[in-house]
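Each chain, letter by letter, is given below.
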Amino acid sequence: MFSTLASINRSCYFWIAMIVTCLCMESIALYYQYALDYGPCVLCVQVRAWVLGLLVISVYGLLVRKNKIPLMIANLITLFFAAGVLERSYTTLGIERGFIEGSCTLNSGFPSWLALDKWLPGAFEPWEACGYTPELLFGITMAEGLVVLAVGWVIILLLMLISSVKK
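Quick caveat: nothing in here was measured; it's all calculated off a predicted structure.

## Structural notes on helix 4 (residues 68-97)
For an α-helix, the turn length of 3.6 residues means that residues three or four places apart are oriented alike. The end-to-end C-alpha distance of helix 4 is 43 Å, a good match for the 44 Å that 30 residues give at a rise of 1.5 Å each. With its phi angle positive at about 90 degrees, Gly98 sits one or two positions after the end of helix 4.

## Some words on the pattern of salt bridges
Tallied over the entire structure, the rule returns one salt bridge. A salt bridge links Arg88 to Glu87, with the nearest nitrogen and oxygen atoms 2.7 Å apart.

## Remarks on the side chain of Glu26
By secondary structure assignment, the location of Glu26 is in helix 2 (residues 12-34). Although Glu26 lies buried, it forms no salt bridge, and the closest oppositely charged side chain, Arg48, sits 5.0 Å away as judged by the N-O distance. Apart from residues no more than four positions distant in its own chain, Glu26 is found in contact with Arg48, Val51 and Leu52.

## Describing the environment of Cys44
Mapped onto the fold, Cys44 is located in helix 3 (residues 42-64). When the C-alpha atoms of Cys44 and Glu101 are compared, they prove to be 17 Å apart, with 57 residues separating the residues in sequence.

## Brief notes about unusual backbone geometry
Unusually for a residue other than glycine, Asp37 sits at a positive phi of about 60 degrees. The topology assignment puts Asp37 in the loop between helix 2 and helix 3. Non-glycine residue Phe138 carries a positive phi angle of around 55 degrees. Note that Phe138 resides in the loop between helix 6 (121-124) and helix 7 (142-166).

## Here's the deal with the nonpolar core
One finds Leu54, Trp153 and Leu157 to be the most contacted residues of the largest nonpolar core, which totals 29 residues. No other element matches the eight residues that helix 7 contributes to this core. Apart from residues lying up to four places away in sequence, Trp153 is in contact with Met18, Thr21, Cys22, Met25, Leu54, Ala82 and Val85. Listed in part, the six residues of the second largest apolar core include Val45, Ala49, Leu116 and Ala123.

## Section: the packing of helix 4 against helix 7
Relative to each other, helix 4 and helix 7 sit at 160 degrees, their axes nearing to 8 Å. In terms of orientation, helix 4 lies roughly antiparallel with respect to helix 7. In terms of crossing hand, the pair formed by helix 4 and helix 7 is left-handed. Here the contact of helix 4 with helix 7 is composed, by residue class, of 22 nonpolar, five polar and four charged.

## A short note on the environment of Val42
With respect to the secondary-structure elements, Val42 resides in helix 3. Residue classification places Val42 among the buried positions, given a relative accessible area of 7%. Distance in space between the C-alpha atoms of Val42 and Asp117 is 10 Å, their sequence separation being 75 residues.

About the thresholds
Residues numbered from 1 in each chain as written. Predicted model: local features only at pLDDT ≥ 70, side-chain atom pairs only at ≥ 80, totals over all residues. Heavy atoms only, no water. Helix = DSSP H or I, 4+ residues; strand = E, 2+ residues; numbered from the N terminus. Expected span 1.5 Å × (residues − 1). Salt bridge = Lys/Arg side-chain N within 4 Å of Asp/Glu carboxyl O. Buried < 20%, exposed > 50% of the residue type's maximum accessible area, 1.4 Å probe, protein only. Lys, Arg positive; Asp, Glu negative; His and termini not counted. Contact = heavy atoms within 4.5 Å. Core = buried A, V, L, I, M, F, W, Y, C linked by side-chain atoms within 4.5 Å. Axes fitted to C-alpha atoms, helices over the stretch in contact; angles between N-to-C directions. Parallel < 35°, antiparallel > 145°, perpendicular 65-115°, else oblique. Left-handed = near helix turned anticlockwise from the far one by under 90°. Nonpolar A, V, L, I, M, F, W, Y, C, P; charged D, E, K, R; others polar.

Below, the structure written as C-alpha coordinates:
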(Lines give C-alpha, C1' and ligand atoms only; values in the text may rest on other atoms or scores of the structure.)
Protein backbone atom coordinates (compact mmCIF):
# COMPACT_ATOMS: atom_id res chain seq x y z
CA MET A 1 0.00 0.00 0.00
CA PHE A 2 2.75 2.45 0.93
CA SER A 3 4.61 1.85 -2.32
CA THR A 4 1.44 2.78 -4.23
CA LEU A 5 1.02 5.91 -2.10
CA ALA A 6 4.69 6.78 -2.63
CA SER A 7 4.29 6.57 -6.39
CA ILE A 8 1.17 8.76 -6.22
CA ASN A 9 3.09 11.21 -4.05
CA ARG A 10 5.86 11.44 -6.67
CA SER A 11 3.32 11.96 -9.43
CA CYS A 12 2.85 15.46 -10.80
CA TYR A 13 -0.90 14.80 -10.88
CA PHE A 14 -1.15 14.59 -7.09
CA TRP A 15 0.54 17.95 -6.63
CA ILE A 16 -1.36 19.57 -9.49
CA ALA A 17 -4.60 18.33 -7.89
CA MET A 18 -3.56 19.98 -4.61
CA ILE A 19 -2.75 23.24 -6.44
CA VAL A 20 -6.03 23.21 -8.38
CA THR A 21 -8.03 22.45 -5.21
CA CYS A 22 -6.41 25.38 -3.41
CA LEU A 23 -7.02 27.71 -6.35
CA CYS A 24 -10.65 26.59 -6.53
CA MET A 25 -11.12 27.19 -2.80
CA GLU A 26 -9.66 30.69 -3.01
CA SER A 27 -11.76 31.43 -6.10
CA ILE A 28 -14.97 30.21 -4.48
CA ALA A 29 -14.26 32.34 -1.40
CA LEU A 30 -13.73 35.43 -3.56
CA TYR A 31 -16.85 34.62 -5.60
CA TYR A 32 -18.94 34.47 -2.44
CA GLN A 33 -17.33 37.69 -1.23
CA TYR A 34 -17.66 39.81 -4.36
CA ALA A 35 -20.42 38.24 -6.49
CA LEU A 36 -22.75 37.09 -3.71
CA ASP A 37 -21.78 39.79 -1.17
CA TYR A 38 -20.91 37.49 1.75
CA GLY A 39 -18.13 39.32 3.53
CA PRO A 40 -15.47 37.22 5.23
CA CYS A 41 -14.95 37.10 8.98
CA VAL A 42 -11.57 36.93 10.72
CA LEU A 43 -11.62 33.13 10.81
CA CYS A 44 -12.53 33.01 7.12
CA VAL A 45 -9.57 35.16 6.09
CA GLN A 46 -7.32 33.06 8.32
CA VAL A 47 -8.56 29.93 6.54
CA ARG A 48 -7.75 31.66 3.25
CA ALA A 49 -4.23 32.35 4.51
CA TRP A 50 -3.72 28.69 5.48
CA VAL A 51 -5.00 27.63 2.04
CA LEU A 52 -2.62 30.11 0.40
CA GLY A 53 0.26 28.57 2.36
CA LEU A 54 -0.88 25.11 1.28
CA LEU A 55 -0.93 26.32 -2.33
CA VAL A 56 2.63 27.68 -2.13
CA ILE A 57 3.98 24.50 -0.53
CA SER A 58 2.11 22.38 -3.09
CA VAL A 59 3.96 24.22 -5.85
CA TYR A 60 7.18 23.42 -4.01
CA GLY A 61 6.08 19.77 -3.72
CA LEU A 62 5.45 19.66 -7.46
CA LEU A 63 8.97 20.91 -8.11
CA VAL A 64 10.76 18.55 -5.69
CA ARG A 65 8.57 15.46 -5.98
CA LYS A 66 11.39 13.25 -7.33
CA ASN A 67 13.81 13.93 -4.44
CA LYS A 68 13.25 12.04 -1.20
CA ILE A 69 14.27 14.54 1.49
CA PRO A 70 12.68 17.64 -0.11
CA LEU A 71 9.53 15.58 -0.77
CA MET A 72 9.37 14.55 2.89
CA ILE A 73 9.73 18.22 3.85
CA ALA A 74 6.97 19.20 1.41
CA ASN A 75 4.70 16.49 2.84
CA LEU A 76 5.39 17.58 6.41
CA ILE A 77 4.71 21.26 5.68
CA THR A 78 1.56 20.53 3.65
CA LEU A 79 0.31 18.43 6.56
CA PHE A 80 1.00 21.38 8.88
CA PHE A 81 -0.97 23.76 6.64
CA ALA A 82 -3.84 21.29 6.23
CA ALA A 83 -3.98 20.97 10.04
CA GLY A 84 -4.14 24.78 10.21
CA VAL A 85 -7.06 24.79 7.78
CA LEU A 86 -8.77 22.11 9.88
CA GLU A 87 -8.30 23.96 13.17
CA ARG A 88 -9.59 27.29 11.83
CA SER A 89 -12.47 25.59 10.01
CA TYR A 90 -13.46 23.62 13.11
CA THR A 91 -13.40 26.82 15.16
CA THR A 92 -15.56 28.54 12.55
CA LEU A 93 -18.04 25.65 12.63
CA GLY A 94 -18.01 25.64 16.43
CA ILE A 95 -18.85 29.33 16.65
CA GLU A 96 -21.50 28.94 13.95
CA ARG A 97 -23.15 26.00 15.74
CA GLY A 98 -22.60 27.28 19.26
CA PHE A 99 -20.45 24.45 20.64
CA ILE A 100 -17.49 26.84 20.89
CA GLU A 101 -18.07 30.06 22.79
CA GLY A 102 -16.47 33.01 21.15
CA SER A 103 -16.70 35.85 18.77
CA CYS A 104 -14.36 37.74 16.51
CA THR A 105 -13.23 41.29 16.13
CA LEU A 106 -12.41 42.81 12.78
CA ASN A 107 -8.67 42.56 13.55
CA SER A 108 -7.28 39.93 11.16
CA GLY A 109 -4.67 38.72 13.64
CA PHE A 110 -1.86 38.54 11.06
CA PRO A 111 1.59 39.36 12.40
CA SER A 112 3.33 42.50 11.11
CA TRP A 113 5.80 40.41 9.10
CA LEU A 114 2.90 38.71 7.27
CA ALA A 115 0.37 41.53 6.96
CA LEU A 116 -1.78 39.88 4.30
CA ASP A 117 -4.71 42.11 5.23
CA LYS A 118 -2.56 45.15 4.35
CA TRP A 119 -0.82 43.67 1.30
CA LEU A 120 -3.92 42.06 -0.26
CA PRO A 121 -6.93 43.64 1.47
CA GLY A 122 -9.31 42.51 -1.27
CA ALA A 123 -8.77 38.89 -0.23
CA PHE A 124 -7.59 39.02 3.39
CA GLU A 125 -9.40 41.90 5.06
CA PRO A 126 -12.27 40.80 7.32
CA TRP A 127 -15.59 42.49 6.66
CA GLU A 128 -17.93 40.90 9.20
CA ALA A 129 -18.07 39.34 12.64
CA CYS A 130 -17.90 35.57 13.01
CA GLY A 131 -20.93 33.40 13.54
CA TYR A 132 -22.34 32.64 10.13
CA THR A 133 -21.08 31.04 6.92
CA PRO A 134 -23.11 30.88 3.72
CA GLU A 135 -24.74 27.75 2.37
CA LEU A 136 -22.89 26.04 -0.48
CA LEU A 137 -24.96 23.18 -1.90
CA PHE A 138 -27.61 20.82 -0.50
CA GLY A 139 -27.82 22.69 2.81
CA ILE A 140 -24.10 22.31 3.56
CA THR A 141 -22.56 25.46 4.99
CA MET A 142 -19.12 26.69 4.04
CA ALA A 143 -17.81 25.83 7.53
CA GLU A 144 -19.08 22.24 7.26
CA GLY A 145 -17.57 21.86 3.79
CA LEU A 146 -14.24 23.23 4.96
CA VAL A 147 -14.09 20.85 7.91
CA VAL A 148 -14.82 17.82 5.71
CA LEU A 149 -12.26 18.89 3.10
CA ALA A 150 -9.62 19.64 5.74
CA VAL A 151 -10.13 16.26 7.44
CA GLY A 152 -9.67 14.60 4.06
CA TRP A 153 -6.51 16.60 3.43
CA VAL A 154 -5.05 15.75 6.83
CA ILE A 155 -5.66 12.02 6.33
CA ILE A 156 -4.29 11.98 2.78
CA LEU A 157 -1.27 14.12 3.60
CA LEU A 158 -0.47 12.07 6.71
CA LEU A 159 -0.51 8.92 4.56
CA MET A 160 1.69 10.65 1.97
CA LEU A 161 4.15 11.71 4.67
CA ILE A 162 4.33 8.15 6.01
CA SER A 163 4.80 6.75 2.51
CA SER A 164 7.59 9.23 1.74
CA VAL A 165 9.43 8.24 4.93
CA LYS A 166 9.03 4.48 4.33
CA LYS A 167 10.01 4.48 0.67
